[in-house]
Amino acid sequence: PSIENQDSDAWFGVEIGFNVFYIFEIVLKLLVRGRRWFFLGAQWSWNLYDLIVVVISLTDLIADVITRSSNLRGSDMEVIGTLALLGRLARLMRLLRFKIFG
């Protein structure tokens, strides 16, 4: 394997790790605080935002798995590339939320 593939695999592993962490965080909030607090509490808008970011990130991860395991070409790749970009932007926004508003 080339160095480029090894770097790509390493970043893919990091991406999986972050996804698992954020999914665990949301599930823990729902279990500990309850659905009422999560969706109707004082922080409901941030909780909903976090949920949307995680869903977009999971979509990006699934799209990445599909592209790694198949030989898609043309317009299929454009759609998956757009989803991947949205996922990455959403994760960046989540990081900024913690640095700016946290």
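In the block above lies the structure referred to throughout.
Parameters and conventions
Residues numbered from 1 in each chain as written. Predicted model: local features only at pLDDT ≥ 70, side-chain atom pairs only at ≥ 80, totals over all residues. Heavy atoms only, no water. Helix = DSSP H or I, 4+ residues; strand = E, 2+ residues; numbered from the N terminus. Expected span 1.5 Å × (residues − 1). Buried < 20%, exposed > 50% of the residue type's maximum accessible area, 1.4 Å probe, protein only. Polar contact = N/O pair within 3.5 Å; in protein donor to acceptor, adjacent residues only side chain to side chain. Contact = heavy atoms within 4.5 Å.

(A) The arrangement of helix α3 (residues 44-69) in detail. Here α3 is 26 residues long and its end C-alpha atoms lie 37 Å apart, about the 38 Å a rise of 1.5 Å per residue gives. Considered for burial, the residues of α3 that qualify are Asn 47, Asp 50, Val 53, Val 54, Ser 57, Asp 60, Leu 61, Ala 63 and Asp 64.

(B) Up close: the side chain of Asn 47. On the secondary structure map, Asn 47 appears in helix α3. Given the relative accessible area of 1%, Asn 47 is considered buried. A polar contact of 3.1 Å, which involves the side chain of Asn 47, links it to the backbone oxygen of Phe 38. Those residues in contact with Asn 47, other than ones at most four positions away along the chain, are Lys 29, Trp 37 and Phe 38.

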